[in-house]
Amino acid sequence: NVNSISEQLRELDELRLKNRTEFTDRLASLKASTNDQQISEHDKHKLSLLSAWDLVIKGDFNQALQLAEGIEQRADRQLAIRASSLIVNIHTLSFKYIDAFAGVEKLLSYAVSINDEHLYYQTIGQVILLYSKIERYEQIQQLISHGLKITRDTTLRCRLQALGLQSLYHSVPFNEYQQTFNEISELCEATTEAMFNLLIIRNHMFYLLEQQQAAAALAFYQQYYSQVEQINYPILTAGFNAAAAEALLQQGELAAASELAQRAEQSLPGDRNDPAVLSTYRVLTLLAQAERNFDNLLRYSEKRRDTELAIAREKASQQLAYQLASGEARLKEQRIQLLDKDNELLTLERNLYQQQAENRYLMLLLIGSLSLILGLLTYRGLTRSKRYRKMAEFDQLTGISNRYHFTEQAQREIAHCIRAQRPVALILFDLDHFKQINDRFGHAAGDWTLQQVVLSCRNFIRHSDIFGRIGGEEFVILLTDCTAEQAVMLADICRTALADIDTSGYQPKFKVTASFGISDSQQAGYDLSALLAAADAAMYQAKQQGRNQVYCPATADGARAC
Ligand SMILES: Nc1nc2c(ncn2[C@@H]2O[C@H](COP(=O)(O)OP(=O)(O)OP(=O)(O)O)[C@@H](O)[C@H]2O)c(=O)[nH]1
């Protein structure tokens, strides 16, 4: 009967967050025993929404998206908003950040007029998670404080504040954060959902370790680990074990640390961007180093590097997507123009994962091996002559083409473009005040910065483009089949990506910026030296005019900002 179906749907909705297996089983049996005539329009949509969730859990994002989009268009306002939130979740999980942030804009436009406390939470929960990834801490705190004004419900208040704690840690002094953590943890402890409390405790343990408070982190482990085992959720299990292993390592207890680190590795979540993953590999690398176990050292260093790359890559595409979708930046309009022109540049993030997977091996080879065990790695894959050739072609610090190899490849590509009558463009950039970074933090920090610059920019470069390091802190990108206008956009994206390089490992933090000059074949012709000279002149102007900007090809009136 109709009532019992509504009631079952309500129960299933609650079960979703508590017990995934039971949720899936009961949903399947409800679907099997229900036919279209028995069920109201609202319940039909709700059943679809729950099915879409189920599909997300099972990893079938395409099917889930189709269902959710149907509900968004046809269902009543409340279910439509929940469907929109799920759509953002699906896009995030499938790394389609441009679509995810476009969905966020939509959710925010609903959020302003929502008075229902549950619906508000459902609307902004996803928004906060995404905003945390791109570090929009101020917006997060605003969304939370509005939420707290409209609800007295303990569970909702706990969830809302738990979502915002990470942003608080990053934006206020540790003591202030810690006090709020204690309050929220106490509040969450009073609810029936252990999940949110355990999640904030897990993060808190990592923060304590950053403050070198190993004993305090271990105390949380001892108090809460049995609850974690009960919930049996990979990001919690791995996170708790990794944090405790790191704490034991800080205390010099290698054997115990090793046991917990292995336990963490066994339950690692699939999402590589999770802090537990990086922490696990960090501990395992340090342990291998301490034990002088070189096989493990190699294996875990690679995994650690791999994870760091995944995190950097994901962050870069999230930042870019945010800018594209937020409408604040002029990039949004440019993106539309670009898509119209069927330009590949800004569909880069779609290729990103594939492209990075191919690049990764080389990066590991060049960066990981040089700092660790060059001999071992090179013996593994490469014959001697190949090795020497690679060393002659690629810059050892950053893994991209050196000046000689860049020139060779660029000339070949330019010849293709001449034959195909396609344009080429060139971006030349030089880091700003790089000498100061070396002077203030040492040469190793300068090297690290150069590597980060390459990691940040290569995310946005197509297969067919050629990226080279042609001077100490001077880089060049040759873009085939591309005009100056499109090159400006890519340069601007790289410029923004550099500003997002996280230098918090150094005290005080510093900003990485660069000045960019553009040239293209329409203006400078197809001669590589002429293209480089024109871009160099534009870059010189960018430096002269205050740095951290992109300058376009010179016209009769000289170079201009673009
Ligand atoms: N750490 C490190 N430093 C390098 C490398 N290659 C060049 N440098 C340094 O890069 C610095 C370049 O300094 P400058 O040419 O004065 O330029 P800048 O400080 O970036 O200033 P502007 O270009 O005028 O903004 C020099 O101090 C070089 O020693 C390298 O591979 N690693």
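Look above for the structure.
Residues numbered from 1 in each chain as written. Predicted model: local features only at pLDDT ≥ 70, side-chain atom pairs only at ≥ 80, totals over all residues. Heavy atoms only, no water.

Draft legend 1. Fine view of unusual backbone geometry. Residue Gln 507 is joined to Pro 508 through a cis peptide bond whose omega torsion reads -10°. Here Pro 508 shows up in the loop between helix H24 (484-499) and strand S5 (514-520). Phi is positive for Gln 212, close to 60°, though the residue is something other than glycine. On the secondary structure map, Gln 212 appears in the loop between helix H11 (194-210) and helix H12 (214-231). Positive phi outside glycine occurs at Arg 547, with the angle close to 70°. Along the chain, the position of Arg 547 falls in the loop between helix H26 (528-544) and strand S6 (550-555). Its relative accessible area of 29% is what places Arg 547 among the partly exposed residues. (Helix = DSSP H or I, 4+ residues; strand = E, 2+ residues; numbered from the N terminus. Buried < 20%, exposed > 50% of the residue type's maximum accessible area, 1.4 Å probe, protein only.)

Draft legend 2. Looking closely at the packing of aromatic side chains. Per the counting criterion, the structure on display carries 17 aromatic pairs. When the ring of Phe 220 is compared with that of Tyr 224, the centres are 6.4 Å apart and the planes differ by 20°; the resulting orientation is stacked. Here Tyr 224 and Phe 220 lie together in helix H12, a separation of four residues that amounts to about one turn. In terms of burial, Phe 220 and Tyr 224 fall into one category: buried. Pairwise contacts between aromatic rings join Tyr 169, Phe 174, Tyr 177, Phe 181, Tyr 207, Phe 220 and Tyr 224 into one cluster. The positively charged end of Arg 16 is found above the aromatic ring belonging to Trp 53, 3.7 Å away from the centroid. (Phe/Tyr/Trp six-rings, centres within 6.5 Å; stacked < 30°, edge-to-face > 60°. Lys NZ or Arg CZ within 6 Å of the ring centre and 35° of its normal.)

Draft legend 3. Representation of the state of the cysteines in the model. Counted under the stated rule, the structure contains one disulfide. For Cys 158, the disulfide goes to Cys 188, at an S-S distance of 2.2 Å. Judged by the sign of its S-S torsion, about 105°, the cystine formed by Cys 158 and Cys 188 is right-handed. In this pair, Cys 158 is assigned in helix H9 (residues 154-171) and Cys 188 in helix H10 (residues 174-189), connecting sequence segments 30 residues apart. Comparing Cys 158 with Cys 188 shows no difference in burial state: the two are buried. Free of any disulfide, Cys 482 has its nearest cysteine sulfur in Cys 417, 9.8 Å distant. Here Cys 494 is not cross-linked by a disulfide; its sulfur's nearest cysteine counterpart is in Cys 457, at 3.5 Å. (Disulfide = S-S within 2.5 Å.)

Draft legend 4. Local environment of the packing of helix H2 (residues 20-32) against helix H3 (residues 41-58). Packing of H2 against H3 brings their axes to within 11 Å, and their N-to-C directions diverge by 135°. When the axis of H2 is compared with that of H3, the two are oblique. Remark: the crossing between H2 and H3 carries left-handed chirality. From H2, Arg 20, Phe 23, Thr 24, Leu 27, Leu 30 and Lys 31 reach across to H3, where they touch Leu 47, Leu 50, Ser 51, Trp 53, Asp 54, Ile 57 and Lys 58. For the contact of H2 with H3, a count of residues per class yields seven nonpolar, two polar and four charged. (Axes fitted to C-alpha atoms, helices over the stretch in contact; angles between N-to-C directions. Parallel < 35°, antiparallel > 145°, perpendicular 65-115°, else oblique. Left-handed = near helix turned anticlockwise from the far one by under 90°. Contact = heavy atoms within 4.5 Å. Nonpolar A, V, L, I, M, F, W, Y, C, P; charged D, E, K, R; others polar.)

Draft legend 5. Highlighting the pattern of salt bridges. According to the stated counting rule, one finds 21 salt bridges in the structure shown. The partner of Arg 10 in a salt bridge is Glu 7, and the shortest N-O contact between them spans 3.0 Å. With Arg 10 and Glu 7 both in helix H1 (residues 2-18) and three residues apart, this pair spans about one turn of that helix. The salt bridge involving Asp 13 is made with Arg 82; its shortest N-O contact spans 2.9 Å. One end of the pair, Asp 13, is in helix H1; the other, Arg 82, is in helix H5 (residues 77-93), and 69 residues separate them in sequence. Take Asp 13: its relative accessible area is 13%, and that puts it in the buried class. Classification of Arg 82 by relative accessible area gives buried; the value is 5%. Ionic contacts of the salt-bridge type, sharing partners, join the residues Asp 13, Arg 16, Lys 46 and Arg 82 into one network. (Salt bridge = Lys/Arg side-chain N within 4 Å of Asp/Glu carboxyl O.)

The analysis is restricted to geometry; functional conclusions fall outside its scope.
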